[in-house]
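One letter stands for each residue in the lines below.
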Amino acid sequence: MDKELLEKELAPFLDPSTKEDVKTVAVENVKGLTGTVEGKTFLCESEKLLSGIVSLTNDKRTDIKEMVLKALINIAADENSSWTILNLKNYEKKVCDWLEEGLNPKCKYADLTCKLVSNLTRYEKCADYVGKLVLKEKSTIGIDKIVLALCNIMHNDNADLHYLGAILSNLSQSREVRKHIMDKEQCIIQRLLPFTEFRQSEIRRAGIVGTLKNCCFDTEYHDWLLGDQVDILPRTFQKIKSLCATRAGKKYIKDKNTYVIMREYFKWEREMDPVNEIAAMNVIDMMIGDEPTEEFGENLKDVDIPEDVLKRFHEDDRKEREFAEKERQEKLAEMKELKTKGNS
(Lines give C-alpha, C1' and ligand atoms only; values in the text may rest on other atoms or scores of the structure.)
Protein backbone atom coordinates (compact mmCIF):
# COMPACT_ATOMS: atom_id res chain seq x y z
CA MET A 1 0.00 0.00 0.00
CA ASP A 2 1.17 3.52 -0.78
CA LYS A 3 1.03 5.21 2.62
CA GLU A 4 1.49 8.76 1.39
CA LEU A 5 -1.14 8.38 -1.33
CA LEU A 6 -3.77 6.89 0.97
CA GLU A 7 -3.09 9.47 3.67
CA LYS A 8 -3.51 12.20 1.06
CA GLU A 9 -6.74 10.70 -0.26
CA LEU A 10 -8.38 9.63 3.00
CA ALA A 11 -7.04 11.59 5.97
CA PRO A 12 -8.60 14.99 5.05
CA PHE A 13 -12.06 13.42 4.94
CA LEU A 14 -11.82 11.58 8.26
CA ASP A 15 -13.10 14.55 10.18
CA PRO A 16 -16.51 15.29 11.78
CA SER A 17 -16.79 18.53 9.77
CA THR A 18 -16.38 16.85 6.37
CA LYS A 19 -19.31 16.75 3.94
CA GLU A 20 -21.53 13.78 4.72
CA ASP A 21 -21.31 11.95 1.38
CA VAL A 22 -17.52 12.23 1.10
CA LYS A 23 -17.02 11.28 4.73
CA THR A 24 -19.16 8.17 4.29
CA VAL A 25 -17.05 6.95 1.37
CA ALA A 26 -13.83 7.55 3.33
CA VAL A 27 -15.10 5.65 6.36
CA GLU A 28 -16.32 2.74 4.21
CA ASN A 29 -12.83 2.49 2.70
CA VAL A 30 -11.25 2.49 6.15
CA LYS A 31 -13.70 -0.15 7.39
CA GLY A 32 -12.75 -2.30 4.40
CA LEU A 33 -9.05 -2.02 5.23
CA THR A 34 -9.62 -3.41 8.72
CA GLY A 35 -10.72 -6.71 7.21
CA THR A 36 -7.11 -7.76 6.51
CA VAL A 37 -3.99 -7.97 8.65
CA GLU A 38 -2.11 -5.84 6.13
CA GLY A 39 -4.82 -3.18 6.19
CA LYS A 40 -4.97 -3.03 10.00
CA THR A 41 -1.19 -2.77 10.21
CA PHE A 42 -1.17 0.01 7.65
CA LEU A 43 -3.82 2.04 9.48
CA CYS A 44 -2.06 1.59 12.79
CA GLU A 45 1.21 2.86 11.33
CA SER A 46 -0.44 6.04 10.06
CA GLU A 47 -1.03 8.56 12.86
CA LYS A 48 -3.02 10.80 10.53
CA LEU A 49 -5.47 8.10 9.53
CA LEU A 50 -5.76 6.64 13.02
CA SER A 51 -6.37 10.07 14.54
CA GLY A 52 -9.07 10.71 11.95
CA ILE A 53 -10.78 7.41 12.73
CA VAL A 54 -10.73 8.14 16.48
CA SER A 55 -12.11 11.64 15.94
CA LEU A 56 -15.14 10.20 14.16
CA THR A 57 -16.22 8.25 17.23
CA ASN A 58 -17.80 11.59 18.17
CA ASP A 59 -19.61 11.95 14.85
CA LYS A 60 -23.31 12.88 15.02
CA ARG A 61 -24.30 10.44 12.29
CA THR A 62 -25.19 7.06 13.75
CA ASP A 63 -23.99 5.00 10.77
CA ILE A 64 -20.61 6.76 10.72
CA LYS A 65 -20.09 6.28 14.44
CA GLU A 66 -21.03 2.61 14.23
CA MET A 67 -18.64 1.97 11.35
CA VAL A 68 -15.64 3.64 13.00
CA LEU A 69 -16.25 1.86 16.30
CA LYS A 70 -16.31 -1.48 14.48
CA ALA A 71 -13.16 -0.48 12.57
CA LEU A 72 -11.35 0.36 15.81
CA ILE A 73 -12.49 -2.93 17.37
CA ASN A 74 -10.82 -4.73 14.46
CA ILE A 75 -7.67 -2.63 14.64
CA ALA A 76 -7.28 -3.14 18.40
CA ALA A 77 -6.89 -6.90 17.98
CA ASP A 78 -3.22 -7.07 18.97
CA GLU A 79 -1.03 -5.53 21.66
CA ASN A 80 0.95 -3.11 19.50
CA SER A 81 -2.16 -1.68 17.87
CA SER A 82 -3.94 -1.31 21.22
CA TRP A 83 -0.94 0.47 22.71
CA THR A 84 -0.74 2.82 19.71
CA ILE A 85 -4.43 3.76 19.99
CA LEU A 86 -4.18 4.33 23.75
CA ASN A 87 -1.18 6.65 23.34
CA LEU A 88 -2.33 8.48 20.23
CA LYS A 89 -1.39 12.16 20.40
CA ASN A 90 -4.26 14.34 21.67
CA TYR A 91 -6.30 11.21 22.49
CA GLU A 92 -4.38 9.78 25.45
CA LYS A 93 -7.54 9.71 27.59
CA LYS A 94 -10.00 8.89 24.85
CA VAL A 95 -10.47 5.39 26.26
CA CYS A 96 -12.11 7.03 29.30
CA ASP A 97 -14.69 8.65 27.03
CA TRP A 98 -15.46 5.31 25.40
CA LEU A 99 -15.81 3.61 28.76
CA GLU A 100 -18.02 6.43 30.03
CA GLU A 101 -20.28 5.90 27.01
CA GLY A 102 -20.37 2.20 27.79
CA LEU A 103 -21.55 2.98 31.31
CA ASN A 104 -24.17 5.49 30.16
CA PRO A 105 -27.55 3.74 30.65
CA LYS A 106 -29.00 5.59 27.66
CA CYS A 107 -26.16 5.02 25.19
CA LYS A 108 -27.18 3.08 22.07
CA TYR A 109 -23.58 2.16 21.28
CA ALA A 110 -22.64 0.89 24.73
CA ASP A 111 -22.00 -2.65 23.52
CA LEU A 112 -19.66 -1.46 20.77
CA THR A 113 -17.72 0.89 23.04
CA CYS A 114 -17.44 -1.83 25.69
CA LYS A 115 -16.16 -4.30 23.11
CA LEU A 116 -13.60 -1.73 21.98
CA VAL A 117 -12.38 -1.07 25.52
CA SER A 118 -12.27 -4.83 26.08
CA ASN A 119 -9.94 -5.24 23.09
CA LEU A 120 -7.83 -2.27 24.17
CA THR A 121 -7.29 -3.70 27.67
CA ARG A 122 -6.67 -7.33 26.75
CA TYR A 123 -2.90 -7.16 27.21
CA GLU A 124 -1.27 -6.52 30.59
CA LYS A 125 0.62 -3.38 29.63
CA CYS A 126 -2.51 -1.83 28.15
CA ALA A 127 -4.65 -2.98 31.08
CA ASP A 128 -2.25 -1.37 33.53
CA TYR A 129 -2.33 1.91 31.56
CA VAL A 130 -6.14 2.02 31.42
CA GLY A 131 -6.44 0.79 35.01
CA LYS A 132 -4.50 3.80 36.26
CA LEU A 133 -6.76 6.13 34.28
CA VAL A 134 -9.89 4.44 35.62
CA LEU A 135 -8.70 4.68 39.22
CA LYS A 136 -7.80 8.33 38.66
CA GLU A 137 -11.05 9.23 36.89
CA LYS A 138 -13.32 7.48 39.39
CA SER A 139 -15.71 10.44 39.48
CA THR A 140 -16.92 9.68 35.94
CA ILE A 141 -16.04 6.02 35.43
CA GLY A 142 -14.20 4.10 38.14
CA ILE A 143 -14.17 0.43 39.12
CA ASP A 144 -17.24 0.90 41.34
CA LYS A 145 -19.29 2.21 38.42
CA ILE A 146 -18.15 -0.67 36.19
CA VAL A 147 -19.19 -3.20 38.83
CA LEU A 148 -22.51 -1.43 39.44
CA ALA A 149 -23.42 -1.57 35.74
CA LEU A 150 -22.08 -5.11 35.39
CA CYS A 151 -24.19 -6.43 38.26
CA ASN A 152 -27.37 -4.75 36.99
CA ILE A 153 -28.58 -6.70 33.96
CA MET A 154 -31.21 -3.97 33.33
CA HIS A 155 -28.68 -1.12 33.36
CA ASN A 156 -29.21 -0.25 29.68
CA ASP A 157 -32.29 -1.16 27.65
CA ASN A 158 -30.29 -0.68 24.44
CA ALA A 159 -27.33 -2.91 25.30
CA ASP A 160 -26.42 -6.20 26.97
CA LEU A 161 -23.12 -4.91 28.45
CA HIS A 162 -21.67 -8.42 28.68
CA TYR A 163 -18.25 -7.08 27.66
CA LEU A 164 -18.06 -5.11 30.88
CA GLY A 165 -17.16 -8.48 32.41
CA ALA A 166 -14.24 -8.83 30.01
CA ILE A 167 -13.14 -5.25 30.77
CA LEU A 168 -13.14 -5.87 34.51
CA SER A 169 -11.23 -9.12 34.04
CA ASN A 170 -8.66 -7.38 31.85
CA LEU A 171 -8.22 -4.48 34.26
CA SER A 172 -7.77 -6.89 37.16
CA GLN A 173 -4.43 -7.83 35.64
CA SER A 174 -3.28 -4.64 37.38
CA ARG A 175 -2.37 -5.10 41.03
CA GLU A 176 -3.70 -1.64 41.89
CA VAL A 177 -7.07 -2.49 40.37
CA ARG A 178 -7.16 -5.80 42.27
CA LYS A 179 -6.48 -3.96 45.52
CA HIS A 180 -9.49 -1.77 44.84
CA ILE A 181 -11.68 -4.75 43.94
CA MET A 182 -10.65 -6.46 47.18
CA ASP A 183 -11.20 -3.42 49.39
CA LYS A 184 -12.89 -5.06 52.36
CA GLU A 185 -15.21 -2.09 52.86
CA GLN A 186 -16.55 -2.05 49.29
CA CYS A 187 -18.00 -5.60 49.07
CA ILE A 188 -17.19 -5.75 45.36
CA ILE A 189 -16.11 -9.40 45.35
CA GLN A 190 -19.30 -10.42 47.13
CA ARG A 191 -21.41 -8.71 44.47
CA LEU A 192 -19.54 -10.49 41.67
CA LEU A 193 -19.78 -14.02 43.07
CA PRO A 194 -23.39 -14.78 41.97
CA PHE A 195 -22.40 -14.09 38.35
CA THR A 196 -20.05 -17.08 38.29
CA GLU A 197 -23.22 -19.01 37.44
CA PHE A 198 -24.67 -16.44 35.01
CA ARG A 199 -26.03 -18.63 32.19
CA GLN A 200 -27.34 -15.87 29.92
CA SER A 201 -23.85 -14.90 28.74
CA GLU A 202 -20.61 -16.85 28.61
CA ILE A 203 -18.72 -13.58 28.05
CA ARG A 204 -20.03 -11.95 31.23
CA ARG A 205 -19.59 -15.14 33.26
CA ALA A 206 -16.04 -15.71 31.98
CA GLY A 207 -15.20 -12.08 32.76
CA ILE A 208 -16.34 -12.45 36.38
CA VAL A 209 -14.50 -15.76 36.81
CA GLY A 210 -11.39 -14.24 35.25
CA THR A 211 -11.57 -11.32 37.67
CA LEU A 212 -11.87 -13.63 40.67
CA LYS A 213 -9.05 -15.80 39.38
CA ASN A 214 -6.76 -12.77 39.04
CA CYS A 215 -7.64 -11.68 42.57
CA CYS A 216 -6.43 -15.04 43.86
CA PHE A 217 -2.90 -14.25 42.67
CA ASP A 218 -2.46 -11.95 45.67
CA THR A 219 -1.76 -14.45 48.42
CA GLU A 220 -2.07 -11.89 51.22
CA TYR A 221 -5.83 -11.84 50.55
CA HIS A 222 -6.31 -15.63 50.71
CA ASP A 223 -7.49 -15.74 54.32
CA TRP A 224 -10.08 -13.06 53.61
CA LEU A 225 -11.25 -14.69 50.36
CA LEU A 226 -11.65 -18.04 52.07
CA GLY A 227 -13.22 -16.65 55.24
CA ASP A 228 -16.86 -16.04 56.06
CA GLN A 229 -16.84 -12.48 54.66
CA VAL A 230 -16.38 -13.74 51.09
CA ASP A 231 -16.57 -17.57 51.23
CA ILE A 232 -15.23 -17.89 47.70
CA LEU A 233 -14.67 -21.66 47.73
CA PRO A 234 -18.19 -23.02 47.04
CA ARG A 235 -18.59 -20.91 43.90
CA THR A 236 -15.14 -20.94 42.37
CA PHE A 237 -13.43 -24.30 41.98
CA GLN A 238 -11.46 -22.87 38.97
CA LYS A 239 -9.29 -20.96 41.34
CA ILE A 240 -8.56 -23.78 43.86
CA LYS A 241 -5.18 -24.50 42.35
CA SER A 242 -4.06 -20.90 42.94
CA LEU A 243 -5.36 -20.95 46.51
CA CYS A 244 -3.37 -24.12 47.24
CA ALA A 245 -0.12 -22.20 46.78
CA THR A 246 0.08 -21.30 50.48
CA ARG A 247 0.20 -23.75 53.39
CA ALA A 248 -2.72 -22.03 55.17
CA GLY A 249 -4.85 -21.93 52.03
CA LYS A 250 -4.21 -25.58 51.22
CA LYS A 251 -5.02 -26.66 54.79
CA TYR A 252 -8.31 -24.73 54.76
CA ILE A 253 -9.34 -26.27 51.45
CA LYS A 254 -8.50 -29.80 52.58
CA ASP A 255 -10.35 -29.30 55.87
CA LYS A 256 -13.50 -28.44 53.91
CA ASN A 257 -13.48 -31.89 52.24
CA THR A 258 -12.79 -30.29 48.88
CA TYR A 259 -10.78 -33.33 47.81
CA VAL A 260 -13.87 -35.57 48.06
CA ILE A 261 -15.92 -33.13 46.01
CA MET A 262 -13.20 -32.76 43.38
CA ARG A 263 -12.74 -36.54 43.21
CA GLU A 264 -16.42 -37.02 42.32
CA TYR A 265 -16.31 -34.06 39.94
CA PHE A 266 -13.32 -35.67 38.23
CA LYS A 267 -15.21 -38.94 37.74
CA TRP A 268 -18.11 -37.06 36.18
CA GLU A 269 -15.93 -34.82 34.01
CA ARG A 270 -14.10 -37.81 32.53
CA GLU A 271 -17.36 -38.73 30.82
CA MET A 272 -18.29 -35.17 29.87
CA ASP A 273 -15.13 -33.35 28.77
CA PRO A 274 -11.57 -34.79 28.80
CA VAL A 275 -10.10 -31.27 28.58
CA ASN A 276 -11.72 -30.26 31.88
CA GLU A 277 -10.63 -33.62 33.27
CA ILE A 278 -7.01 -32.45 33.08
CA ALA A 279 -7.75 -29.26 35.01
CA ALA A 280 -9.57 -31.23 37.71
CA MET A 281 -6.72 -33.73 37.95
CA ASN A 282 -4.18 -30.91 38.38
CA VAL A 283 -6.20 -29.55 41.31
CA ILE A 284 -6.45 -32.99 42.91
CA ASP A 285 -2.70 -33.54 42.49
CA MET A 286 -2.07 -30.24 44.24
CA MET A 287 -4.34 -31.14 47.16
CA ILE A 288 -2.92 -34.61 47.78
CA GLY A 289 0.68 -33.58 47.18
CA ASP A 290 3.28 -32.97 49.87
CA GLU A 291 3.08 -29.83 51.96
CA PRO A 292 5.57 -27.02 51.20
CA THR A 293 8.83 -27.72 53.03
CA GLU A 294 11.08 -25.24 54.77
CA GLU A 295 13.34 -25.44 51.74
CA PHE A 296 10.65 -23.91 49.54
CA GLY A 297 8.97 -21.67 52.11
CA GLU A 298 5.29 -21.10 52.87
CA ASN A 299 4.31 -19.98 49.37
CA LEU A 300 4.82 -22.24 46.35
CA LYS A 301 4.48 -19.24 44.02
CA ASP A 302 7.78 -17.93 45.39
CA VAL A 303 9.66 -21.05 44.26
CA ASP A 304 12.18 -20.34 41.50
CA ILE A 305 11.63 -23.10 38.90
CA PRO A 306 14.56 -23.72 36.49
CA GLU A 307 13.79 -22.66 32.93
CA ASP A 308 14.35 -26.14 31.44
CA VAL A 309 11.98 -27.72 34.00
CA LEU A 310 9.34 -25.05 33.33
CA LYS A 311 9.56 -25.70 29.59
CA ARG A 312 9.14 -29.43 30.19
CA PHE A 313 6.03 -28.77 32.31
CA HIS A 314 4.51 -26.59 29.57
CA GLU A 315 5.30 -29.21 26.92
CA ASP A 316 3.69 -31.97 29.01
CA ASP A 317 0.59 -29.79 29.50
CA ARG A 318 0.41 -29.14 25.77
CA LYS A 319 0.60 -32.87 24.95
CA GLU A 320 -2.08 -33.66 27.54
CA ARG A 321 -4.40 -31.01 26.10
CA GLU A 322 -3.88 -32.30 22.56
CA PHE A 323 -4.58 -35.88 23.64
CA ALA A 324 -7.68 -34.84 25.58
CA GLU A 325 -8.99 -32.82 22.65
CA LYS A 326 -8.43 -35.78 20.33
CA GLU A 327 -10.42 -38.00 22.71
CA ARG A 328 -13.21 -35.40 22.87
CA GLN A 329 -13.45 -35.20 19.08
CA GLU A 330 -13.56 -38.99 18.83
CA LYS A 331 -16.40 -39.13 21.37
CA LEU A 332 -18.33 -36.48 19.47
CA ALA A 333 -17.85 -38.41 16.25
CA GLU A 334 -19.12 -41.61 17.91
CA MET A 335 -22.18 -39.82 19.30
CA LYS A 336 -22.91 -38.31 15.90
CA GLU A 337 -22.62 -41.71 14.24
CA LEU A 338 -24.94 -43.32 16.81
CA LYS A 339 -27.46 -40.53 16.34
CA THR A 340 -27.34 -40.95 12.56
CA LYS A 341 -27.89 -44.70 12.84
CA GLY A 342 -30.78 -44.12 15.24
CA ASN A 343 -32.52 -41.79 12.80
CA SER A 344 -32.08 -44.12 9.83
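Anything mentioned here points back to the structure above.
Being a predicted model, the structure only gives us computed values, none of them experimental. (Residues numbered from 1 in each chain as written. Predicted model: local features only at pLDDT ≥ 70, side-chain atom pairs only at ≥ 80, totals over all residues. Heavy atoms only, no water.)

Colleague: Can you break down the packing of aromatic side chains residue by residue, with the values?
Modeller: Describing an aromatic ring pair means giving the distance of the ring centres and the angle of the ring planes. Under the criterion given, the structure shown has three aromatic pairs. With a centroid separation of 5.5 Å and 75° between ring planes, the pair formed by Trp 83 and Tyr 129 is classed as edge-to-face. With Trp 83 in helix 6 (residues 79-86) and Tyr 129 in helix 9 (residues 124-136), this pair connects stretches of sequence that are 46 residues apart. For Trp 83, a relative accessible area of 28% translates into the label partly exposed. Their ring planes at 45° and their centres at 5.4 Å tell us that Phe 195 and Phe 198 sit as a pair that is tilted. Note on accessibility: Phe 195 and Phe 198 belong to one class, buried. (Phe/Tyr/Trp six-rings, centres within 6.5 Å; stacked < 30°, edge-to-face > 60°. Helix = DSSP H or I, 4+ residues; strand = E, 2+ residues; numbered from the N terminus. Buried < 20%, exposed > 50% of the residue type's maximum accessible area, 1.4 Å probe, protein only.)

Colleague: So what about helix 5 (residues 62-75)? Which residues, and what values?
Modeller: Taking 1.5 Å per residue as the helical rise, helix 5 with its 14 residues ought to reach 20 Å, and the 20 Å between its terminal C-alpha atoms agrees with that figure. Where helix 5 is concerned, the buried positions are Ile 64, Lys 65, Met 67, Val 68, Leu 69, Ala 71, Leu 72, Ile 73 and Ile 75. Buried residues in helix 5 make contact with helix 2 (20-33), helix 3 (37-45), helix 4 (47-55), helix 6, helix 7 (94-103) and helix 8 (110-120). (Expected span 1.5 Å × (residues − 1). Contact = heavy atoms within 4.5 Å.)

Colleague: Lay out the pattern of salt bridges in plain terms, naming residues and giving numbers.
Modeller: Under the defined criterion, the tally for this structure stands at 12 salt bridges. Across the pair Glu 220 and Arg 175 runs a salt bridge whose closest N-O atoms are separated by 2.5 Å. Here Arg 175 lies in helix 12 (residues 175-181) and Glu 220 lies in the loop between helix 14 (202-215) and helix 15 (222-226), a separation of 45 residues in the sequence. For Arg 175, a relative accessible area of 40% gives the class partly exposed. Between Arg 178 and Asp 218 there is a salt bridge, and its shortest N-O distance comes to 2.8 Å. Residue Arg 178 is found in helix 12, and its partner Asp 218 is found in the loop between helix 14 and helix 15; the two are separated by 40 residues along the sequence. A cluster of three or more residues bridged by salt bridges with shared partners is formed by Glu 20, Lys 23, Asp 59, Arg 61 and Asp 63. (Salt bridge = Lys/Arg side-chain N within 4 Å of Asp/Glu carboxyl O.)

Colleague: Describe the packing of helix 4 against helix 5, naming the residues involved and giving the relevant values.
Modeller: Closest axis-to-axis distance for the helix 4/helix 5 pair is 9 Å, and the angle between their directions is 130°. The angle between helix 4 and helix 5 places the two elements in the oblique class. Both helix 4 and helix 5 take part in a crossing whose hand is left-handed. Every residue of helix 5 that contacts helix 4 at Leu 50, Ile 53 and Val 54 is listed here: Val 68, Leu 72 and Ile 75. Taken together, the residues that form the contact of helix 4 with helix 5 break down as six nonpolar, no polar and no charged. (Axes fitted to C-alpha atoms, helices over the stretch in contact; angles between N-to-C directions. Parallel < 35°, antiparallel > 145°, perpendicular 65-115°, else oblique. Left-handed = near helix turned anticlockwise from the far one by under 90°. Nonpolar A, V, L, I, M, F, W, Y, C, P; charged D, E, K, R; others polar.)

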